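The chain contents come next:
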Amino acid sequence: MLNGAAGTLIVSLGLVQIAAGMSSLQSGLLTLGYLVAILATIRVGEKLLQRFGPKKPMLWGSIITGVGILMCSMTFLLIDQYIVFSVIGFTLFGIGLGFYATPSTDAALSNVPDDQVGAASGIYKMASSLGNAIGVAISAALYVAGQAVDPELIQSWGLFLGRQDNVALRFGGAIGLLFNVLMVVIAIASIILTVPSKRSKEEEEAVHDEVAPPAFGN
């Protein structure tokens, strides 16, 4: 479900290139914080998993991701304002995924028998890729469909600042991006309903053995 929010990248970058005339390089630079944040926080997610178990880091990561995508969906702003919001939003997106990645893998595979770990890992990866593909397809479809709304109707709402010749594009972008926020909300609900709040005693002992320092003299 959370990987379904991958459509954020497609819609947001396509929007700024078409509606604001940015080059592919300029639009790509908006996501630089996304990459840096994932690389910087992936080990943080591992530490959070060891301390709190998988559920809390997964929830925190999803919430941070949702806030980041919501910031990217504010297409009613002026372009300079939107650039600032999208840079911050993509950075939060990366932080959220960094918090989420390791705990989600642990939650999916921790109770799988050793002889089935390979198959379980493949299923987990397939589900992740499937969510990504579905999210991109639906986000792009909503982005295009939203552009068919009458621009005069959109202008009558008085929400979109600045240029009015691209309000249909910006409205379509907002719809496509808000769908990704919905995917995050569904992911949060599924985590609350399905992921155990605490580890089993055996899992706690395994994590303790993994992170405990060696005894003096060993």
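Below you will find a few notes about this structure. Because the structure is a prediction, the values reported are computed rather than measured.

### Some remarks on the nonpolar core
- Counting residues in each nonpolar core, the largest one holds 29 residues, and the members touching the most others are Leu2, Ile69, Tyr82, Phe90, Phe93, Val184 and Ile191.
- Looking at this core, the elements with two or more residues in it are helix H1 (7–19), helix H4 (55–72), helix H5 (79–109) and helix H8 (167–194).
- With seven residues, the single largest contributor to this core is H8.
- Leu2 has contacts with Ser62, Thr65, Leu97, Tyr100, Val184 and Ala187, leaving out every residue within four places of it along the chain.

### Re the pattern of salt bridges
- Going through the model one piece at a time under the given rule, you end up with two salt bridges.
- Here Arg43 ties to Glu46 by a salt bridge, and the two come within 2.8 Å at their closest N and O atoms. Remark: Glu46 and Arg43 occur in helix H3 (residues 32–52); sequence separation between them is three residues, near one turn of the helix.
- The salt bridge involving Asp165 is made with Arg163; its shortest N-O contact spans 3.0 Å.

### Things to note about H3
- With 21 residues, H3 should reach 30 Å at 1.5 Å per residue; the first-to-last C-alpha distance of 29 Å fits that figure.
- The sharpest bend along H3 comes to roughly 35°, located at Thr41.
- All buried positions along H3 are accounted for by Gly33, Tyr34, Ala37, Thr41, Gly45, Leu48 and Leu49.
- Just beyond H3, the residue with positive phi is Gly53, at close to 85°.

### Digging into the environment of Ala19
- Relative to the assigned elements, Ala19 resides in helix H1.
- With relative accessibility at 7%, the residue Ala19 sits in the buried group.
- For the pair Ala19 and Asn180, spaced 161 residues apart in the sequence, the C-alpha separation amounts to 20 Å.
- Residue contacts for Ala19: discarding those within four places in its chain leaves Arg163, Asn166 and Leu169.

Definitions and limits used
Residues numbered from 1 in each chain as written. Predicted model: local features only at pLDDT ≥ 70, side-chain atom pairs only at ≥ 80, totals over all residues. Heavy atoms only, no water. Core = buried A, V, L, I, M, F, W, Y, C linked by side-chain atoms within 4.5 Å. Buried < 20%, exposed > 50% of the residue type's maximum accessible area, 1.4 Å probe, protein only. Helix = DSSP H or I, 4+ residues; strand = E, 2+ residues; numbered from the N terminus. Contact = heavy atoms within 4.5 Å. Salt bridge = Lys/Arg side-chain N within 4 Å of Asp/Glu carboxyl O. Expected span 1.5 Å × (residues − 1). Bend = angle between axes of the 7 residues up to and from the residue.

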